[in-house]
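The lines below spell out each chain.
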Amino acid sequence: MPVYLTYFSVLVLLLPGLNRPLLAQNFKGSMHDFQAMGNKLFESDKPCLVCHPPHRSSSAEETLPIWSSKAVKDTFTVYGSAGPAEQPGLPLGSSKLCLSCHDGTLALDSWGGRVNTVPFLNAGFEDRKNGLKNDHPISVKYTSTNAMRTGELNDPFISNSGLGNTIETDMLTNGTLQCSSCHDVHNGMGAGKLLVKTNKNSNLCLTCHKK
Amino acid sequence: MYKLLSVILLSLILTSCYSRMVTRVTDENLVIFPAPPDTARIQFLTSISNSIDITGQRSGFMEYILGKDEGMPIIKPYGLSIHKGKIYISDTMLGGLVIIDLKKHTFSYFEPGGRGQLKKPINCFVDDRGYLFVADAERKEVVVFDNNLKYVRSLGNAKTGKPTDVFVAGDKIWICDINAHKVLVYSRDNYELVNSFPDVDPQHENFLSSPTNLFVTGDKVYVSDFGSFKIKVYTTSGTYLRSIGSYGKALGQFVRPKGIAVDRNDNLYVVDAGFENVQIFNKDDKLLMFFGGNYEGRGNMWLPAKVILDYDNLQYFQKYVHKDFKLKHLIFVTNQYGPDKLNVYGFIELKSKK
């Protein structure tokens with residue numbers, strides 16, 4: 001590669017806020033590009049559709065349910081609800097989208113699941129019969145207050161994510177940690193790894209955890 | 001003699017010291033679908049998530065002696081089957097089954113070892129003899145146990161297959177295999193493979209992209225094809241008939257179709273984990289109604305997986321039915337997450353006023 005191109009690549013990667021979208025362009029050929037993988041798991045010829053349903057499908061019939069003719073809505077809410085109140089540790093929002101496929105049938109039984117009888121994360125998360133403590137928590141608020149309280153987490157509002165901005169901007173959704181905080185489902189870092197950044201020397205873990 | 005007496009006394013104390021609470025159904029706490037003013041068809045009856053929901057909580061005295069009973073949870077349920085007052089729930093995180101005896105009020109984990117060891121049981125089915133069939137997606141076999149839960153044998157090719165559901169009807173065992181993209185049909189007598197379908201290329205509309213659940217009636221096989229976002233219907237000999245639904249968020253469509261069941265009127269029930277509801281279609285594939293919905297409270301769902309209908313065990317749930325309704329059949333729906341792991345609904349009709 002010519003030297004000026006190398007310099008240009010480094011410059012682009014250092015530009016705040018630009019590097020993550022660029023990395024996310026690696027979707028084609030990634031683990032979630034079902035079409036390119038040549039597998040037969042999904043019928044759609046538009047791989048984006050598998051996770052991103054259109055607002056309204058033209059093929060849908062405009063009829064109301066026969067037994068529920070007073071129904072006013074004509075579309076369903078996908079992965080909605082926040083529960084009756086805060087449901088700490090239970091999957092919400094975009095994490096539900098991940099877990100709707102990763103249920104043990106089609107894809108790995110992720111979060112709350114195991115690979116070959118070994119839980120994904122061992123240390124401190126072995127209590128599988130408790131149901132919530134065997135994996136890294138998701139759908140939890142990660143605030144400055146939480147960070148201060150434990151003393152073991154970096155302040156998400158001021159700590160650099162290593163992705164161009166703060167942890168709060170780059171990794172949280174409305175201040176909440178989701179699967180997407182660490183996983184770039186569009187294949188951010190290396191085929192098959194689907195991480196937002198490399199975890200070499202536990203780099204990804206240490207973005208938030210002070211150890 | 002004293003030993004025998006003390007054992008009897010102890011058993012009496014232990015059995016009498018559990019109390020079960022049943023919340024009385026009133027007009028105010030009633031959860032029904034569709035919402036008024038439409039005619040109510042389905043009533044949410046109760047949910048089961050922990051052994052305490054079955055055994056009851058210890059009495060004050062026993063709690064003082066033994067401490068608070070935290071119970072045993074249903075952890076991450078997918079499939080279930082019900083037979084003669086017993087509910088069998090395949091729990092992927094337990095790596096085994098939860099077995100609930102509604103008659104004896106017992107709750108236990110079934111975690112067989114040795115040749116019967118389970119790893120990731122997705123679905124299960126109990127046949128009319130009480131034989132238990134478990135589709136294990138990690139072991140990649142269907143494991144068969146007899147009516148005393150003793151290992152009988154396994155079915156399938158673990159090198160090429162990955163069974164996700166199993167159903168026993170007539171003299172056949174029906175298995176849907178997500179890796180083979182087929183329904184495999186075995187003889188119930190000698191466990192020999194007797195048929196498999198469809199045998200077509202992926203471009204064909206008959207093809208099963210990701211079959212995850214199936215239901216067999218007298219003459220039809222319904223397959224929930226997660227990967228084509230449709231329910232595909234075949235004859236029991238494997239001839240393709242039609243599909244139900246399409247991809248999208250409109251009423252009657254699917255984004256994450258999972259468990260399916262057909263009632264005695266040929267109405268089809270389909271779980272959708274994306275909408276977190278169950279849609280019911282009539283035999284002409286027209287949408288009748290839907291129930292559940294994103295979780296906000298009782299009767300809603302949280303990443304639901306399976307739906308099972310039951311006509312034989314109504315007596316255990318009559319106490320939850322509103323006095324104005326008559327219970328026609330039960331509807332069980334599993335939730336993989338959330339506070340309510342197994343939702344029990346009743347298909348009801350209004351009692352006629354005399």
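Our structure's up above, just so we're on the same page.
Worth saying up front: this structure is predicted, and the values here are computed from it rather than measured.

Calculation notes
Residues numbered from 1 in each chain as written. Chains lettered and ligands numbered in written order. Predicted model: local features only at pLDDT ≥ 70, side-chain atom pairs only at ≥ 80, totals over all residues. Heavy atoms only, no water. Buried < 20%, exposed > 50% of the residue type's maximum accessible area, 1.4 Å probe, protein only. Helix = DSSP H or I, 4+ residues; strand = E, 2+ residues; numbered from the N terminus. Contact = heavy atoms within 4.5 Å. Buried area = accessible area lost by both parts, 1.4 Å probe. Salt bridge = Lys/Arg side-chain N within 4 Å of Asp/Glu carboxyl O. Polar contact = N/O pair within 3.5 Å; in protein donor to acceptor, adjacent residues only side chain to side chain. Nonpolar A, V, L, I, M, F, W, Y, C, P; charged D, E, K, R; others polar. Phe/Tyr/Trp six-rings, centres within 6.5 Å; stacked < 30°, edge-to-face > 60°. Lys NZ or Arg CZ within 6 Å of the ring centre and 35° of its normal. Core = buried A, V, L, I, M, F, W, Y, C linked by side-chain atoms within 4.5 Å.

Undergrad: Looking at this structure, how should I read helix H3 (residues 94-101) of chain A?
TA: Given 3.6 residues per helical turn, the α-helix brings residues three or four places apart onto the same face. When H3(A) is considered as a whole, its buried residues turn out to be A:Ser95, A:Lys96, A:Leu99, A:Ser100 and A:Cys101. Looking at the buried residues of H3(A), the elements they touch are helix H6 (179-182) of chain A together with strand S21 (257-262) of chain B.

Undergrad: Explain the environment of B:Leu350 to me, please; I cannot follow it from the model alone.
TA: All names here are of chain B. With respect to the element layout, leucine 350 can be found in strand S27 (residues 342-350). Judged by relative accessible area, leucine 350 falls into the exposed class, the value being 59%. The spatial distance from the C-alpha of leucine 350 to the C-alpha of arginine 41 is 8.5 Å, given a sequence separation of 309 residues. Not counting residues up to four positions away in its chain, the partners in contact with leucine 350 are Asp324 and Phe325.

Undergrad: Looking at this structure, I do not really get the interface of chain B and chain A. What am I missing?
TA: How big an interface is tends to be expressed through the accessible area that disappears when the partners come together. If you look at the interface, chain B gives 67 residues, while chain A gives 61 residues. Each partner contributes to the roughly 5300 Å² buried at the junction of chain B and chain A, and carbon and sulfur atoms together form 58% of this total. Ranking the residues of chain B by area buried against chain A places B:Met93, B:Lys249 and B:Leu251 at the top, with a combined share of 14%. For the pair chain B and chain A, the number of links is four salt bridges. The salt bridge partner of B:Glu276 is A:Lys96, with a shortest N-O separation of 2.8 Å. The interface formed by chain B and chain A includes 18 residue pairs in polar contact (both at pLDDT 80 or more). The set of elements that each furnish at least two residues to the side of chain B that touches chain A consists of strand S19 (230-235), strand S23 (277-281) and strand S24 (287-292) of chain B. Element by element, the count of residues in the side of chain B that touches chain A is highest for S24(B), at four residues. Grouping the amino acids of the side of chain B that touches chain A by side-chain chemistry returns 31 nonpolar, 20 polar and 16 charged.

Undergrad: So what exactly am I meant to see when it comes to the packing of aromatic side chains here?
TA: Describing an aromatic ring pair means giving the distance of the ring centres and the angle of the ring planes. Under the definition given, this model contains 21 aromatic pairs over all chains. Aromatic side chains A:Phe42 and B:Phe226 sit 6.2 Å apart centroid to centroid with 55° between the ring planes, which places their arrangement in the tilted category. Of this pair, A:Phe42 sits in the loop between helix H2 (19-23) and H3 while B:Phe226 sits in the loop between strand S18 (220-225) and S19, each in a different chain. Each of the two residues, A:Phe42 as well as B:Phe226, counts as buried. Arranged with centres 4.6 Å apart and planes meeting at 40°, the rings of A:Phe76 and B:Phe275 form a pair that is tilted. On the criterion of chain membership, the pair formed by A:Phe76 in the loop between H2 and H3 and B:Phe275 in the loop between strand S22 (268-272) and S23 is interchain, its members lying in two chains. Residue classification places A:Phe76 among the buried residues on the basis of a relative accessible area of 5%. Among the aromatic residues, those joined into a ring-pair cluster are A:Phe42, B:Phe226, B:Phe229 and B:Tyr247. For the cation-ring pair, B:Arg129 lies above B:Tyr131, with the distance from its terminal atom to the ring centre recorded as 3.9 Å. Above the ring of B:Tyr311, the side-chain terminus of B:Arg264 is found at 3.8 Å from the ring centroid.

Undergrad: Sorry, what's going on with the side chain of B:Asn282 here?
TA: Mapped onto the secondary structure, B:Asn282 falls in the loop between S23 and S24. Since its relative accessible area comes to 15%, B:Asn282 is described here as buried. Look past the residues within four positions of B:Asn282 in its chain and what remains in contact with it is A:Ile66, B:Asp266, B:Asn267 and B:Leu288.

Undergrad: I keep staring at the nonpolar core and nothing clicks. Help me out?
TA: In a soluble, globular protein the nonpolar side chains are often hidden away together inside. Residue and element names in this part refer to chain B. Counting 77 residues, the largest nonpolar core has Trp174, Phe291 and Ile331 as its most contacted members. Among the elements that line this core, the one with the most residues is S24, at five residues. Those residues within four positions of tryptophan 174 in sequence are excluded, and the remaining contacts are Asp165, Val166, Phe167, Ala169, Val183, Leu184, Val185, Phe197, Leu214, Val216, Val221 and Thr236. Grouped together as the second largest cluster of nonpolar side chains are 32 residues, Leu30, Leu102, Leu327 and Ile348 included.

Undergrad: Please explain the side chain of A:Thr105 as it appears in this structure.
TA: By secondary structure assignment, the location of A:Thr105 is in the loop between H3 and strand S1 (114-115). In terms of polar contacts, A:Thr105 uses its side chain to reach the side chain of A:Asp103, at 2.6 Å. Beyond its immediate stretch of four places on either side in the chain, A:Thr105 contacts B:Tyr78, B:Ile122, B:Lys162, B:Thr164, B:Ile178 and B:Thr212.

Undergrad: I'm lost on the pattern of salt bridges in this one. Help?
TA: Should their charged atoms come close, side chains of opposite charge can pair. This model, assessed by the stated rule, comprises 17 salt bridges over all chains. The partner of B:Lys258 in a salt bridge is A:Asp103, and the shortest N-O contact between them spans 2.8 Å. Taken together, the positions of B:Lys258 in strand S21 and A:Asp103 in the loop between H3 and S1 put the pair across two chains. The buried category is assigned to A:Asp103, whose relative accessible area is 1%. In this structure, B:Arg139 engages B:Glu141 in a salt bridge whose closest nitrogen and oxygen atoms are separated by 2.9 Å. With relative accessibility at 15%, the residue B:Glu141 sits in the buried group. Residues participating in the shared-partner salt-bridge network are A:Glu43, B:Asp225, B:Lys230 and B:Lys232.

Spatial relationships are all this shows, so hold off on functional conclusions.
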